[in-house]
Amino acid sequence: MKQLMRRNKALAYLLVFILVTAVSCSNADEMVSKDIDILLNEYVEAVNGLGGPAKISGCILIIREGELIASVTSGMADYEKGTPFELSTATLLCSTTKLFTAIAIMQLNEKGLLDLDDRITKYYPDQIDGDNITIHHLLSHTAGILRDVTDEKLIDPYANTDKDDLIRLINQSALRFNPGERMAYSNAGYQLLAGIIETVSGLSYDEYLRHHIFSPADMKNSGSTSSSSVPNLALGHMFNGLRSVKLKPFDLSHAFGSGNIYTTALDMIRFEEALSNGILVSKESLDMMILNRTGLNGNYGYGCYVGEFRGQLWFGHPGNFSSGYHSNFIRYPTEDLSIIILLNNSWSDNSTLANAISAIAMDELLRLPSRKAAIHLTDKELDRFVGMYKLNESVDIAIENRNGTLTVKLPDETIQLTPCDQTVFFDARHELWEHLFEVDASGKPICYIMRNSTDEYRMERLVETKR
């Protein structure tokens, strides 16, 4: 009864959205929670006011217990033509596609048409070391399959790739590690899963999704594509700090099963309802999907990342195309809370945006990002920040002055800091982050702090040992 009431409420909200074909930041207030909606709009306005490449062009939705409690649409589907981005605008799911591919596999598993422990030589006799790779390994990114054939320059992502050629290139590529030894994200693994769906069901990947996912969820404006041609599709953009730039679209044949689904915000609301109410997979199957399935100290289930934020468990999947698209579906099952993000611009910091929207959904007040103006500091002024800082028990980071630029050597990247105050800096590539130094009474730095709207990392300066 609770699920039925939940679905009826969501359908009622959908009827309102269908009647109002274009919901803007201003007129959405009448149908969503004032408080959460205001917080969401304030955050989006703050991000879009930074003046750099970080922009929110698209829509963000927050759903709790089947009700849309916050919604914002921002920017244009086509900046050259001035076409606004609306809830009915089609956009690309990118790697959020993997959640749908995994759901299809779990459906076939429920019907006994395949087994998660099947060796993939059953479906791909020519796969290198396929006798040691299972469907489970492919779902959890632990198969050792290469990440992407495009990374290896084996195909051109802008040209149409024959599906059989794509699968053959994957089958013939050497494994990166023995199956089950490690987790390494693999688009190619999900392309193999899409092929398995076709073999087992006797349907094309697109036909299977339409019959068994899109139709049961009433997602009438969703599909998968092997090209870049989709009706009413928002065009991919990037922002260079001055204006939007339209990007050349990928041909999505190379993203078969791993990133080739298109959808709308309205359809994703329907998907959220169908997934939450057990229409697409059973509770038992969903429970299997949303636990860490790597067998390692990983954070991936089947078709979704899993984690914890503010003490609440979540599952979901982001997606990014360098051709100008970002997506994310995040669900907190114990809170009956879901977040949908669909953008038609490049995005570089998935977790920062996802955490900020999650905090807003949990009615948490945020530090809003603010626009920074660069100032000049002399080498002498910069040199006082140079030194080693403790990130955690096993990792120290170095801050250096390289030709008048303060540089931070993090474990996975090196960032360049621009001063905007005597002890406050920003990174032009990651505008949602702020960098500051705490100093003692003499002005000597004692702590380096990286923070965004929801998270703060404090790194104590290590005392230099004189030799």
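Just above sits the structure.
Residues numbered from 1 in each chain as written. Predicted model: local features only at pLDDT ≥ 70, side-chain atom pairs only at ≥ 80, totals over all residues. Heavy atoms only, no water.

Draft legend 1. Molecular detail of the overall build of the protein. Broken down by element type, the protein carries 11 helices and 21 strands. For 467 residues, the compact-globule formula gives about 23 Å, and the C-alpha radius of gyration of the protein, at 23 Å, lands near that figure. Seen along its three principal axes, the alpha-carbon backbone of the protein occupies a region of about 75 × 55 × 45 Å. When the 467 residues of the protein are sorted by exposure, 55% land in the buried category. Considering only contacts in the protein between residues 6 or more positions apart, those separated by 24 or more positions represent 63%. If you sum the accessible surface of the protein, you get close to 20,400 Å²; carbon and sulfur atoms cover 50% of it. Side-chain charges in the protein split into 43 positive and 60 negative, and the spacing between the mean points of these groups amounts to 3 Å. (Helix = DSSP H or I, 4+ residues; strand = E, 2+ residues; numbered from the N terminus. Rg over C-alpha atoms; globule rule 2.2 N^0.38 Å. Buried < 20%, exposed > 50% of the residue type's maximum accessible area, 1.4 Å probe, protein only. Contact = heavy atoms within 4.5 Å. Areas by Shrake-Rupley, 256 points an atom, 1.4 Å probe, with all protein chains shown as cover. Lys, Arg positive; Asp, Glu negative; His and termini not counted. Charge placed at Lys NZ, Arg CZ, Asp CG, Glu CD.)

Draft legend 2. Broad picture of the pairing of strand β10 (residues 305-309). The pairing of β10 with strand β11 (residues 312-321) spans 5 bridges and is classified as antiparallel. Residue pairing for β11: Y305 is matched across the bridge by G316. Between β10 and the antiparallel strand that follows it, β11, lie 2 residues; R310 among them carries a positive phi value of about 55°. (Pairing = 2+ DSSP bridges.)

Draft legend 3. Representation of the pattern of salt bridges in the model. Evaluated as defined, the whole model comprises 24 salt bridges. Between K163 and E198 there is a salt bridge, with the nearest N and O atoms lying 2.8 Å from each other. Placement of K163 in helix α5 (residues 163-171) and of E198 in helix α6 (residues 187-201) is noted, with a sequence separation of 35 residues between them. Between D427 and R429 there is a salt bridge whose closest N-O contact spans 4.0 Å. Its relative accessible area of 48% is what places R429 among the partly exposed residues. (Salt bridge = Lys/Arg side-chain N within 4 Å of Asp/Glu carboxyl O.)

Draft legend 4. A look at the sheet that holds strand β5 (residues 91-92). One open sheet accounts for 3 strands, arranged β5-β9-β6; its pairing is antiparallel. With partners counted over all chains shown, the strands left at the sheet margins are β5 and β6 (223-224), one partner each. Two strands pair when backbone bridges link them, and β5 and strand β9 (residues 261-263) are joined in this way by 2 bridges, in the antiparallel orientation. Across the sheet, the residue bridging to L92 is Y262, located in β9.

Draft legend 5. Spotlight on the layout of surface pockets. In this structure, the largest pocket spans a volume of roughly 920 Å³. Lining the largest pocket are 38 residues, with D349, N350, S351, T352 and W433 sitting closest to its centre. Sorting elements by how many residues they give to the lining of the largest pocket places helix α10 (residues 350-361) first, with 6 residues. Classifying every residue of the lining of the largest pocket gives 16 nonpolar, 16 polar and 6 charged. (1 Å grid on protein atoms, 1.4 Å probe; cavity = no way out; pocket = protein on both sides within 12 Å on 5 of 7 lines; lining within 4 Å. Points joined across faces, edges and corners; volume = space filled by probe spheres on them. Nonpolar A, V, L, I, M, F, W, Y, C, P; charged D, E, K, R; others polar.)

Draft legend 6. The arrangement of the packing of helix α3 (residues 97-110) against helix α8 (residues 265-276) in detail. Between α3 and α8, the least distance of the axes is 14 Å, while the angle of their chain directions is 35°. For α3 against α8, the interelement crossing comes out left-handed. Between α3 and α8, the contacting residues are L99, F100 and I103 on the first element and M268, F271 and L275 on the second. Its residues assigned to classes, the contact of α3 with α8 shows 6 nonpolar, no polar and no charged. (Axes fitted to C-alpha atoms, helices over the stretch in contact; angles between N-to-C directions. Left-handed = near helix turned anticlockwise from the far one by under 90°.)

Draft legend 7. Up close: the nonpolar core. Core analysis: the largest hydrophobic core is formed by 74 residues, its most contacted members being F100, I145, I196 and F271. Looking at which element gives the most residues to this core, the answer is α3, with 8 residues. Beyond its immediate stretch of four places on either side in the chain, I196 contacts I105, L114, I120, Y123, Y124, I135 and L138. (Core = buried A, V, L, I, M, F, W, Y, C linked by side-chain atoms within 4.5 Å.)

Draft legend 8. Summary view of α8. Its 12 residues give α8 an end-to-end C-alpha distance of 16 Å, which sits within 8% of 16 Å, the value for a rise of 1.5 Å per residue. Within α8, 12 of the 12 residues are buried, which leaves the element mostly enclosed by the surrounding structure. Following α8 by one or two positions, G278 has its phi on the positive side, about 75°. (Expected span 1.5 Å × (residues − 1).)

Draft legend 9. How the structure looks around the packing of aromatic side chains. In this structure the tally under the stated criterion is 16 aromatic pairs. When the centroid spacing of 4.4 Å and the interplanar angle of 25° are considered together, the rings of F100 and F271 count as stacked. Linking F100 in helix α3 with F271 in helix α8, this pair joins segments that are 171 residues apart in sequence. We classify F271 as buried; its relative accessible area is 0%. Aromatic pair Y300 and Y305: ring centres 4.8 Å apart, planes at 80°, arrangement edge-to-face. Through a chain of ring-to-ring contacts, the aromatic side chains of F385, Y389, F425, F437 and Y448 assemble into a single cluster. When the ring centre of Y158 is taken as reference, the NZ or CZ atom of K248 above it lies at 4.7 Å. (Phe/Tyr/Trp six-rings, centres within 6.5 Å; stacked < 30°, edge-to-face > 60°. Lys NZ or Arg CZ within 6 Å of the ring centre and 35° of its normal.)

Draft legend 10. Highlighting the sheet that holds β10. The strand order β2-β1-β13-β12-β11-β10 describes an open sheet built from 6 strands, whose pairing is antiparallel. If you trace the sheet from one side to the other, it starts and ends with β2 (67-74) and β10, each paired once. Taken pair by pair, the neighbouring strands of this sheet meet at an average axis angle of 15°, ignoring direction. Together, β1 (58-64), β10, β11, β12 (325-332) and β13 (337-343) form the strand contacts of α10, whose direction differs from that of β13 by roughly 135°.

Draft legend 11. Inspection of unusual backbone geometry at higher detail. Residue D129 is not a glycine yet carries a positive backbone phi of 60°. In this fold, D129 is placed in the loop between α3 and α4 (135-139). Phi angles above zero are rare outside glycine, and H141 is one such case at about 60°. Relative to the elements of secondary structure, H141 occurs in the loop between α4 and α5.

Draft legend 12. Highlighting the side chain of S222. Note that S222 resides in the loop between α7 (205-214) and β6. For S222, a relative accessible area of 1% translates into the label buried. Within the structure, the side chain of S222 is placed 2.7 Å from the side chain of D267, a separation counted as a polar contact. Non-local contacts of S222, meaning those with residues more than four positions away in its chain, are made with R210, F214, Y262, T263, T264 and D267. (Polar contact = N/O pair within 3.5 Å; in protein donor to acceptor, adjacent residues only side chain to side chain.)

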